Amino acid sequence: MPLSVSTCQKIDKAIAKYPAGRKQSAVMAALTMAQEERGWLSPETLREVAEYLEMPPVAVYEVASFYSMYHLKPVGRYVLTLCTNLPCALQGADAAGRYLKETLKIGWGETTQDGVFTLLQGECMGACQEAPVLLANHQRMCCKMTPPQIDALLVQLRTEAAQKERHE
Amino acid sequence: MSAYLDFGPDAVLLAGLTGDNWRLKDYVARGGYSALKKILNERILPEQVLGEIKLSSLRGRGGAGFPTGLKWSFMPRNAPEKYVICNADEGEPGTFKDRDLLRFNPHAVIEGMIIAAYVMGCARGYNYIHGEIWEVYERCEEAVDEARAAGFLGSRILGSDFSFELFNHHGFGAYICGEETALLESIEGKKGQSRYKPPFPANVGLYGKPTTVNNVETFACVPLIVNNGGQWFLDLGRPNAGGTKIFSISGDVERPGNYELRLGTPFAKLLEMAGGVRGGRKLKAVIPGGSSSPVVPGAIMMETDLDYDSVAKAGSMLGSGAVIVMDETRCMVRCLERLSEFYHDESCGQCTPCREGTGWLSRIMHRIEHGEGRPGDIEALDRVAGDIMGRTICAMGDAAAMPVRSFVKHFRSEFEYHIEHRRCQVADHV
C-alpha cells in the first residue's frame with residue numbers, strides 16, 4: 001500500500017526545504033510523516049520512504065534505527081513517553097512513572113492489552129521547569145503530570161481512540 | 001491583555017513577553033526587525049556589525065562559551081555556498097531556555113539569524129529544533145512563513161542586494177545531535193554521529209560547505225547588540241562575559257523556571273528568585289551548567305557568581321546555564337546513577353571508549369545503587385571515566401565522564417557507605 005497522498009504532499013514540502021539534489025535531508029521528516037500515518041515503521045514502509053527519496057533502503061533503516069522516536073515495531077495507538085531524567089526525577093517523575101504503570105497495568109516498553117497505550121521512558125525533553133513532562137505520540141507535550149492530570153489525559157485519549165475506531 | 005511573564009528585572013531577551021505575543025506584528029511593535037532594517041537601510045558593512053559583536057564579548061550560549069564574533073570571523077569570505085545554522089536541539093538535562101525563546105519570541109531568533117547570514121554572507125540557513133518540542137517546531141514554521149511574507153526572508157530583502165532563505169528542520173530523539181557536527185550529519189539525512197575536527201564546520205560544514213552553528217540564545221542577542229551597541233551589551237555583564245544570560249533552574253527549588261540575569265550575578269540571587277530550596281530544606285549540591293558539567297557542593301556554590309570564569313574557578317562550567325539543584329535529602333549515588341544511564345542511552349556508538357565506557361559506568365552505578373557494589377568499584381568508576389576523557393571524537397565522552405569524577409570527588413563517603421552497607425546513607429539521616 002503506497003503512502004497516502006497527504007503524506008506525500010507533506011514529504012514534498014519537506015524536500016523543498018533543501019537544495020536541489022539533497023532529497024536525503026528530508027528523510028527524518030518523511031519518516032515522521034510515514035509514522036504519523038501508519039503508527040510505526042514496518043520494513044515495507046521504510047522501503048517506500050527509500051523509494052520516494054531515491055535512497056538505498058539501508059540508509060533509511062540506519063536513520064530510523066538511530067533516532068529514538070521512530071518505532072520499528074508495532075506500538076499502541078498512543079505512545080506515552082515520560083521523561084525520567086534527573087531534573088524531572090527531582091520534581092516528581094518517579095511517582096508519575098509508578099502511577100502510570102499501576103494505572104495502565106504495564107511496565108516500561110509495554111503496550112496495554114486493548115492496544116491503546118504504549119508506555120516509554122524518555123530522556124530530556126527540554127521542559128524541566130514543568131516536570132513531570134509526558135509526550136503523547138511524540139507531538140503533544142503534557143506538563144506537570146500529577147495523578148489527576150494523568151487520569152484526565154488517559155480518559156481523554158481513550159475517548160479519542162474509541163471515536164477513531166468507530167470512524168474506521 | 002495577558003500579564004507579562006516574570007523572568008526577572010534584568011531581562012532584556014525575555015522582556016515584555018506574555019506567552020501570547022509571539023507573532024511578527026507583536027515583535028515589530030516591541031521594536032523587532034529594526035536592527036535588520038537599520039543595517040540594510042543605512043548600508044552598514046558586515047565588518048562593522050562584526051566589530052560590534054566582538055566588542056560585546058558575546059560568548060556562545062549553547063554551553064562551550066566560545067566568542068561569537070571570533071567564530072563568525074572564521075568563515076571564508078568568498079565561498080559561493082555558505083550556511084548559518086541555529087542549534088535548537090536543546091536536550092541537555094536541565095536546559096529549557098531555548099524552548100521559551102522559540103515559543104515566546106521566535107522572531108528575535110530569526111532576526112538574529114538573518115543578521116548573522118548578512119555578516120557571514122550566507123544565502124541559506126536552517127534551524128534544527130529538538131524533536132520533542134514538536135509544538136515549538138510548528139510555531140517556528142508559522143513564524144518563518146510570517147517573516148517571508150513580510151519580506152524579511154527571501155530574495156533581495158527589504159529592497160537590498162542581500163538574499164537569505166531560512167528553514168526549520170526537526171530532530172527526532174537523539175541527544176548527540178546537539179553536538180554541531182552530529183547536527184550537520186542529521187540535516188544531511190544521516191545518523192547523527194559526530195565528525196572529526198579539523199576540518200571545522202567553518203571550512204567543511206553542511207554539504208561540505210562553510211557553515212557556522214550557533215545556539216538559539218546567541219542569535220537572540222544579536223539584534224539587541226546591533227540596536228544598542230556592543231558596549232551596551234558588554235556593560236550588562238562582566239569583562240570577557242558580556243550581556244545577560246538565561247538560567248534554567250530546576251530540581252529542588254520552589255519555583256523552577258527561566259530567569260534572565262546579568263552575567264556575574266551571584267548564584268544565591270538566582271536561588272532566591274526561584275523561591276529558595278523547596279520546603280525550606282538545606283542546599284546540598286548544584287550542577288551549574290547542565291548535566292554534563294561537574295557537580296559543586298552547595299556551600300561552594302553559594303559563594304560563586306554566575307559567569308564563565310567564576311564558575312570555572314568553583315570547579316565546574318557555566319555551560320548552557322542549566323542549574324540543577326539538589327537538597328539535603330538527595331542521595332548522590334542515585335542522582336549519578338540516573339545521569340550515567342542517560343549517557344549510556346545516548347552514546348552514538350561511534351567511539352569505543354564512549355560506547356563501552358558509558359555502559360560500564362552505568363552498570364557499576366546501577367549495582368552500587370542497588371546494594372550490589374563491590375570493593376574497588378569507586379576506583380573503577382574513576383578509571384573508566386578517565387579512560388573516556390579526551391579519547392573520543394566529540395565532547396559527549398567528556399560530558400559523560402565529568403559528572404562521574406566530580407560526584408565521586410565531592411561525595412565519596414556516600415559511595416563508600418553504599419558499597420559497605422548496601423543501602424543509602426542519606427535515608428538514615430533525613
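Anything mentioned here points back to the structure above.
Thresholds applied
Residues numbered from 1 in each chain as written. Chains lettered and ligands numbered in written order. Predicted model: local features only at pLDDT ≥ 70, side-chain atom pairs only at ≥ 80, totals over all residues. Heavy atoms only, no water. Helix = DSSP H or I, 4+ residues; strand = E, 2+ residues; numbered from the N terminus. Rg over C-alpha atoms; globule rule 2.2 N^0.38 Å. Buried < 20%, exposed > 50% of the residue type's maximum accessible area, 1.4 Å probe, protein only. Polar contact = N/O pair within 3.5 Å; in protein donor to acceptor, adjacent residues only side chain to side chain. Salt bridge = Lys/Arg side-chain N within 4 Å of Asp/Glu carboxyl O. Phe/Tyr/Trp six-rings, centres within 6.5 Å; stacked < 30°, edge-to-face > 60°. Lys NZ or Arg CZ within 6 Å of the ring centre and 35° of its normal. Pairing = 2+ DSSP bridges. Axes fitted to C-alpha atoms, helices over the stretch in contact; angles between N-to-C directions. 1 Å grid on protein atoms, 1.4 Å probe; cavity = no way out; pocket = protein on both sides within 12 Å on 5 of 7 lines; lining within 4 Å. Points joined across faces, edges and corners; volume = space filled by probe spheres on them. Nonpolar A, V, L, I, M, F, W, Y, C, P; charged D, E, K, R; others polar. Contact = heavy atoms within 4.5 Å.

*Asks:* Can you walk me through the overall build of chain B in this structure?
*Replies:* Secondary structure summary: chain B contains 18 helices and eleven strands in total. For 430 residues, the compact-globule estimate of 2.2 N^0.38 gives 22 Å, and chain B sits close to it at 22 Å. Along the first, second and third principal axes, the C-alpha atoms of chain B reach 75 × 45 × 35 Å. Classification of the 430 residues of chain B by burial places 63% in the buried group.

*Asks:* Would you take a moment to explain the side chain of Thr112 of chain A for this structure?
*Replies:* Residue and element names in this part refer to chain A. Tracing the backbone through its elements, the reader meets Thr112 in the loop between α6 (93-104) and β2 (117-122). The exposure class assigned to Thr112 is buried, which follows from its relative accessible area of 7%. Polar side-chain contacts of Thr112 include one of 2.7 Å to the side chain of Asp114.

*Asks:* Looking at this structure, I do not really get the pattern of salt bridges. What am I missing?
*Replies:* Close approach of charged atoms allows side chains with opposite charge to pair. Enumeration over the complete set of coordinates arrives at 43 salt bridges over all chains. Of the charged contacts, one joins Asp114 of chain A and Arg158 of chain A as a salt bridge, the two residues approaching to 2.8 Å between their closest N and O atoms. Linking Asp114 of chain A in the loop between α6 and β2 with Arg158 of chain A in helix α7 (residues 147-167), this pair joins segments that are 44 residues apart in sequence. Relative accessible area serves as the criterion here: at 47%, Asp114 of chain A is assigned to the partly exposed category. Judged by its relative accessible area of 35%, Arg158 of chain A is partly exposed. Lys71 of chain B is the partner of Glu180 of chain B in a salt bridge, and the nearest nitrogen-oxygen pair spans 3.8 Å. Taken together, the positions of Glu180 of chain B in helix α8 (residues 180-187) and Lys71 of chain B in helix α4 (residues 68-73) put the pair 109 residues apart, joining distant regions of the chain.

*Asks:* Which parts of the structure should I look at to understand the packing of aromatic side chains?
*Replies:* The description of an aromatic ring pair rests on the distance of the ring centres and on the angle between the ring planes. Under the criterion given, the structure shown has 19 aromatic pairs over all chains. Arranged with centres 4.6 Å apart and planes meeting at 35°, the rings of Tyr70 of chain A and Phe172 of chain B form a pair that is tilted. Taken together, the residues Tyr70 of chain A in the loop between α4 (57-66) and β1 (78-83) and Phe172 of chain B in the loop between β3 (165-170) and α8 connect one chain to another. The pair formed by Tyr70 of chain A and Phe172 of chain B is uniform in burial state, with each residue classed as buried. Pairing Tyr118 of chain B with Phe162 of chain B gives two aromatic rings, centres 5.3 Å apart and planes at 80°, and the pair type is edge-to-face. In this pair, Tyr118 of chain B sits in helix α6 (residues 106-120) while Phe162 of chain B sits in the loop between α7 (134-149) and β3, placing the two residues 44 residues apart along the sequence. Geometry around Tyr308 of chain B places Arg59 of chain B over its ring, the cationic atom sitting 4.1 Å from the centre. It is Lys245 of chain B that lies over the ring of Phe247 of chain B; its NZ or CZ is 5.9 Å from the centre.

*Asks:* Just to check I follow, could you spell out the sheet that holds β3 of chain B for this structure?
*Replies:* Sheet strands pair via backbone hydrogen bonds, and the direction of the pair is either parallel or antiparallel. Residues and elements named next belong to chain B. The four strands are arranged β3-β2-β1-β4 in an open sheet whose pairing can be described as parallel. Among the strands making up the open sheet, the edge pair consists of β3 and β4 (211-215). With direction set aside, neighbouring strand axes in the sheet form an average angle of 20°. One ladder, built from six bridges, connects strand β2 (residues 124-129) with β3; its direction is parallel.

*Asks:* How should empty space enclosed by the protein be read in this particular structure?
*Replies:* Any space left empty among the atoms is revealed by the rolling of a water-sized probe across them. All names here are of chain B. Considering all chains together, one arrives at three cavities of 30 Å³ or more under this definition. Of the volumes computed, that of the largest cavity is approximately 90 Å³. Taken together, 13 residues form the lining of the largest cavity, with Cys348, Gln350, Cys351, Cys354 and Cys394 sitting closest to its centre. Looking at the lining of the largest cavity residue by residue, the class counts come to seven nonpolar, six polar and no charged.

*Asks:* What's the story with the layout of surface pockets in this structure? I'm lost.
*Replies:* Residue and element names in this part refer to chain B. Considering only enclosed or pocket space, the largest pocket measures out at about 1,300 Å³ in volume. Gly62, Gly63, Ala64, Gly178 and Ala395 are the residues nearest the centre of the largest pocket, which is lined by 47 residues in total. Taken together, the elements giving at least two residues each to the lining of the largest pocket come down to α5 (97-104), β4, α13 (308-313) and α17 (396-421). Broken down by element, the lining of the largest pocket gets its largest block of residues, four residues, from α17. Classifying every residue of the lining of the largest pocket gives 16 nonpolar, 17 polar and 14 charged.

*Asks:* I keep staring at the sheet that holds β1 of chain A and nothing clicks. Help me out?
*Replies:* Residue and element names in this part refer to chain A. Spatial ordering of the open sheet is given by β2-β1-β3-β4, a layout of four strands whose pairing is mixed. Only two strands of the sheet have a single neighbouring strand rather than two, namely β2 and β4 (140-142). Each strand of the sheet is rotated relative to its neighbour by a mean of 25°, with strand direction disregarded. As paired strands, strand β3 (residues 134-136) and β4 are joined by three bridges and run antiparallel to one another. Pairing of Ala136 across the sheet is with Arg140, part of β4. Contacting β1, β2, β3 and β4, α7 runs over the sheet at an angle of about 160° to β1.

*Asks:* Is there a simple way to explain the environment of Met1 of chain A in this structure?
*Replies:* By the element assignment, Met1 of chain A lies in the segment before α1 (5-15). Ignoring any residue separated from it by four or fewer positions in sequence, one finds Met1 of chain A in contact with Arg38 and Glu48 of chain A.

*Asks:* Looking at this model, I keep getting lost on the pairing of β4 of chain B. Mind explaining?
*Replies:* If a strand is regular, its side chains alternate between the two faces of the sheet. All names here are of chain B. Burial within β4 is extensive, with five of its five residues counted as buried. Judged by which residues are buried, β4 turns out to be covered on both faces: Thr211, Val213 and Asn215 on one side and Thr212 and Asn214 on the other are all buried. Note that strand β1 (residues 83-88) and β4 share five bridges and pair parallel. Note that in β4 the partner of Cys86 across the bridge is Asn214.

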